[in-house]
Amino acid sequence: MDFALIGRIWPFFAEAAWVTIEVSMLAIILGLILGFAAALASLSRNVLLRWPARAYVSVFRGTPALIQLFLLYFGGPQIGINLGPFEAGVIGLGINIGAYMCETIRGAILSVDKGQTEAGRCLGLGQAQVMRRVILPQAARMMVRPLGVNAIALIKGSAIVSTISVLELSYTAHRYISSTYKPFEMFILASIFYLAIVTVFSFGVKKIDERVALES
Amino acid sequence: MNEPIVKIRGLKKNFGSLQVLKGIDMDIDQGQIFALIGASGSGKSTLLRTINQLEEVTEGEIWFDGELVNQKLPHRQREAHLNRLRQNIGMVFQHFNLFPHLTAIENVTMAPLMLGRVNKAEAIEQAKKLLDKVGLSDRGDYYPSKLSGGQKQRVAIARSLAMNPKLMLFDEVTSALDPELVGEVNRVMKALAEEDMTMIIVTHDLRFAEDVSDHVIFMADGLVVEEGPPSLVFRAPQEDRTKSFLQQVFND
């Protein structure tokens with residue numbers, strides 16, 4: 001183990017870790033927005049909303065994220081979509097994780113007892129009012145942890161954007177391997193940064209979960 | 001005599017191939033207290049739930065306050081129509097269905113506030129009065145998880161009353177309660193009955209039905225077998241099915 005080498009180059013990894021964090025957080029935000037929209041659409045009684053939402057989930061969960069990313073980044077220019085690596089990484093990962101988050105959110109909404117909807121509707125509230133004020137506040141509590149699991153999977157999975165040359169952790173590890181020939185040290189170093197990011201993120205999810213669970 | 005507040009004609013309800021209501025007719029006048037009794041599966045809860053359209057009906061008519069409840073309407077119009085009707089029909093459930101993320105008082109104020117009936121100060125004042133009426137003036141800030149079953153059910157009654165309904169539906173509201181908590185809920189319902197609220201009560205508690213109702217309907221297999229004032233149905237039943245049902249229940 002070449003600790004002197006690690007001591008010298010870790011700041012470059014720290015910079016790359018920041019890129020990993022940026023890509024991941026932006027993709028998670030995009031995923032949450034898409035996931036919420038698709039979850040509500042897939043629960044709608046309108047087939048024009050429901051079917052596209054179901055198709056989105058099937059396609060993006062049913063094909064490799066790597067292929068989706070390549071399709072966007074390498075195939076995109078052919079149909080007039082020209083994105084830089086960073087943008088393509090965020091959008092590709094975000095759309096992919098959104099499909100998983102859709103199922104998590106949908107599951108949480110469906111897990112709220114049917115009696116809650118009945119009670120709300122019996123008071124004369126409309127479908128949308130019941131969803132907003134009765135169902136979603138309860139579903140939100142149940143979705144924090146599973147969405148956290150989705151998000152953590154995304155943070156680790158963000159390594160695939162190294163293949164479209166986003167200068168994040170995995171890419172940086174590869175780059176230093178080719179100049180130092182020390183793959184063991186480089187991958188250990190990258191792993192430490194991933195672990196640190198995931199640990200901090202998990203802690204954040206746990207705090208949010210405790211907070212929303214507090215009152216009731 | 002005025003038009004009955006609830007009028008049901010030829011009501012049938014199928015769940016798939018199973019017919020649970022086989023032609024019900026019923027007239028309920030303003031201020032009347034109806035008790036629906038019968039064995040599990042007799043259709044009494046389903047009947048109650050068709051009145052505010054928690055269950056759609058297969059055939060027949062339900063009228064409430066001069067309006068046909070089960071009108072054939074396009075979806076949006078039907079929703080608006082039902083929302084308007086349901087604001088005047090309170091319902092209390094076996095499993096309370098209180099909103100667990102809201103305090104007792106927020107449960108009571110939510111619908112009147114969301115529907116723009118009152119402003120916040122009025123809603124809170126009204127909710128306090130209602131909680132006081134059901135004997136829970138000191139529990140307004142409690143979340144449902146901190147209340148007993150009987151307290152939850154009394155909050156649920158207050159929540160329904162906050163919309164000033166013209167009719168209250170009670171669906172086995174004491175069936176899920178520990179025996180020692182039944183009395184407090186029954187007392188609240190009795191007080192409501194004495195204020196001339198129109199009430200339809202689905203219950204297994206026959207003593208309470210006899211005590212509070214002025215008309216009893218005994219159902220079996222989706223049909224009304226016998227009906228009349230409680231003194232007659234309970235003390236001098238005419239039909240064999242009524243007799244055997246009462247015998248079974250009272251011998252337990």
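Structure report, in brief.

Scoring rules and cut-offs
Residues numbered from 1 in each chain as written. Chains lettered and ligands numbered in written order. Predicted model: local features only at pLDDT ≥ 70, side-chain atom pairs only at ≥ 80, totals over all residues. Heavy atoms only, no water. Helix = DSSP H or I, 4+ residues; strand = E, 2+ residues; numbered from the N terminus. Buried < 20%, exposed > 50% of the residue type's maximum accessible area, 1.4 Å probe, protein only. Contact = heavy atoms within 4.5 Å. Areas by Shrake-Rupley, 256 points an atom, 1.4 Å probe, with all protein chains shown as cover. Lys, Arg positive; Asp, Glu negative; His and termini not counted. Charge placed at Lys NZ, Arg CZ, Asp CG, Glu CD. Pairing = 2+ DSSP bridges. Buried area = accessible area lost by both parts, 1.4 Å probe. Salt bridge = Lys/Arg side-chain N within 4 Å of Asp/Glu carboxyl O. Polar contact = N/O pair within 3.5 Å; in protein donor to acceptor, adjacent residues only side chain to side chain. Core = buried A, V, L, I, M, F, W, Y, C linked by side-chain atoms within 4.5 Å. Phe/Tyr/Trp six-rings, centres within 6.5 Å; stacked < 30°, edge-to-face > 60°. Lys NZ or Arg CZ within 6 Å of the ring centre and 35° of its normal.

A separate point is the overall build of chain A. Counting its secondary structure elements, chain A contains 8 helices and 0 strands. Its helices and strands taken in sequence order, chain A reads α-α-α-α-α-α-α-α from the N to the C terminus. For chain A, the spread of C-alpha atoms along the principal axes amounts to about 70 × 45 × 20 Å. Taking all 216 residues of chain A together, the buried fraction comes to 43%. For chain A, the proportion of contacts with a sequence separation of at least 24, taken over those separated by at least 6, is 78%. Surface summary for chain A: the accessible area is close to 11,100 Å², and the carbon and sulfur share equals 69%. In chain A, the 18 positive side-chain charges and the 12 negative ones have mean positions that sit 9 Å from each other.

For helix 1 (residues 44-51) of chain B, a buried count of 8 out of 8 residues is recorded, marking the element as mostly surrounded by other parts of the structure. Gln 53 of chain B lies just past helix 1 of chain B and shows a positive phi near 65°.

Take Glu 79 of chain B: it is sitting in helix 2 (residues 75-86). Apart from the residues within four sequence positions on either side, Glu 79 of chain B is in contact with Arg 121 and Gln 127 of chain A.

Backbone geometry follows two general trends: most residues other than glycine have a negative phi, and most peptide bonds adopt the trans configuration. Residue Ser 165 of chain A is not a glycine yet carries a positive backbone phi of 55°. Turning to its location among the elements, Ser 165 of chain A is positioned in the loop between helix 6 (127-157) and helix 7 (169-180). The residue Phe 96 of chain B is not glycine, and still its phi comes out positive at about 65°. For Phe 96 of chain B, the position within the fold is in the loop between strand 6 (89-92) and helix 3 (104-114).

This paragraph deals with the pairing of strand 6 of chain B. Residue and element names in this part refer to chain B. Residue alternation in strand 6 divides its side chains into two sets, Ile 89 and Met 91 and Gly 90 and Val 92, and both sets are buried. Here strand 6 pairs with strand 7 (residues 167-171) via 4 bridges, running parallel. Among the inter-strand pairings, Val 92 is bridged to a residue of strand 7, identified as Phe 170.

A few words on the interface of chain B and chain A. Contacts between chain B and chain A engage 26 residues on the former and 24 residues on the latter. Contact between chain B and chain A buries roughly 2,200 Å² in total, counting both sides, with carbon and sulfur atoms accounting for 58%. Connecting chain B to chain A are 2 salt bridges. Note that Glu 79 of chain B and Arg 121 of chain A form a salt bridge whose closest N and O atoms lie 2.9 Å from each other. Between chain B and chain A we count 6 residue pairs in polar contact (both at pLDDT 80 or more) in total. Sorting the residues of the side of chain B that touches chain A by element identifies helix 2, strand 6, helix 3 and helix 5 (149-161) of chain B as the ones contributing at least two each. The leading source of residues in the side of chain B that touches chain A is helix 2 of chain B, at 4 residues.

Moving on, we come to the environment of Asn 97 of chain B. Position of Asn 97 of chain B relative to the elements: it lies in the loop between strand 6 and helix 3. On the accessibility criterion, Asn 97 of chain B (8% relative accessible area) is buried. In this structure the C-alpha to C-alpha distance between Asn 97 of chain B and Lys 22 of chain B, which are 75 residues apart in sequence, comes to 29 Å. Discounting residues that sit within four places of it in the chain, Asn 97 of chain B has contacts with Asp 113, Gly 115, Gln 116 and Ala 119 of chain A together with Arg 159 of chain B. Among the polar contacts listed, one links the side chain of Asn 97 of chain B to the backbone oxygen of Gly 115 of chain A, at a separation of 3.2 Å.

Quick look at the nonpolar core now. Within soluble globular proteins, side chains that are nonpolar generally end up buried alongside one another. Within the largest apolar cluster, 96 residues are counted, with the highest numbers of intra-cluster contacts made by Phe 13 of chain A together with Ile 8, Met 26, Leu 47 and Ile 200 of chain B. Counting residues per element, this core draws most heavily on helix 1 (residues 3-42) of chain A, at 13 residues. Val 92, Val 108, Val 155 and Met 197 of chain B belong to the second largest nonpolar core, which has 35 residues in total.

As enumerated under the stated definition, the model contains 26 salt bridges over all chains in all. With its nearest N and O atoms 3.5 Å apart, the salt bridge here joins Arg 106 of chain A to Glu 103 of chain A. Taken together, the positions of Arg 106 of chain A and Glu 103 of chain A, both in helix 4 (residues 85-110) and 3 residues apart, correspond to about one turn of that helix. Judged by its relative accessible area of 23%, Arg 106 of chain A falls in the partly exposed class. Between Arg 235 of chain B and Glu 210 of chain B there is a salt bridge, with its nearest N and O atoms 2.7 Å apart.

With that settled, the discussion passes to the packing of aromatic side chains. Enumeration over the complete set of coordinates arrives at 6 aromatic pairs over all chains. The interplanar angle of 65° and the centroid separation of 5.3 Å between the aromatic rings of Phe 70 of chain A and Phe 74 of chain A together place this pair among those described as edge-to-face. Here the residue Phe 70 of chain A and the residue Phe 74 of chain A both occupy positions in helix 3 (residues 65-75), the gap between them amounting to 4 residues, near one helical turn. The structure contains a cluster of three or more aromatic residues connected by ring pairs, namely Phe 12, Phe 13 and Tyr 176 of chain A. When the ring centre of Trp 63 of chain B is taken as origin, the NZ or CZ atom of Lys 7 of chain B, which lies over that ring, is 5.4 Å away.

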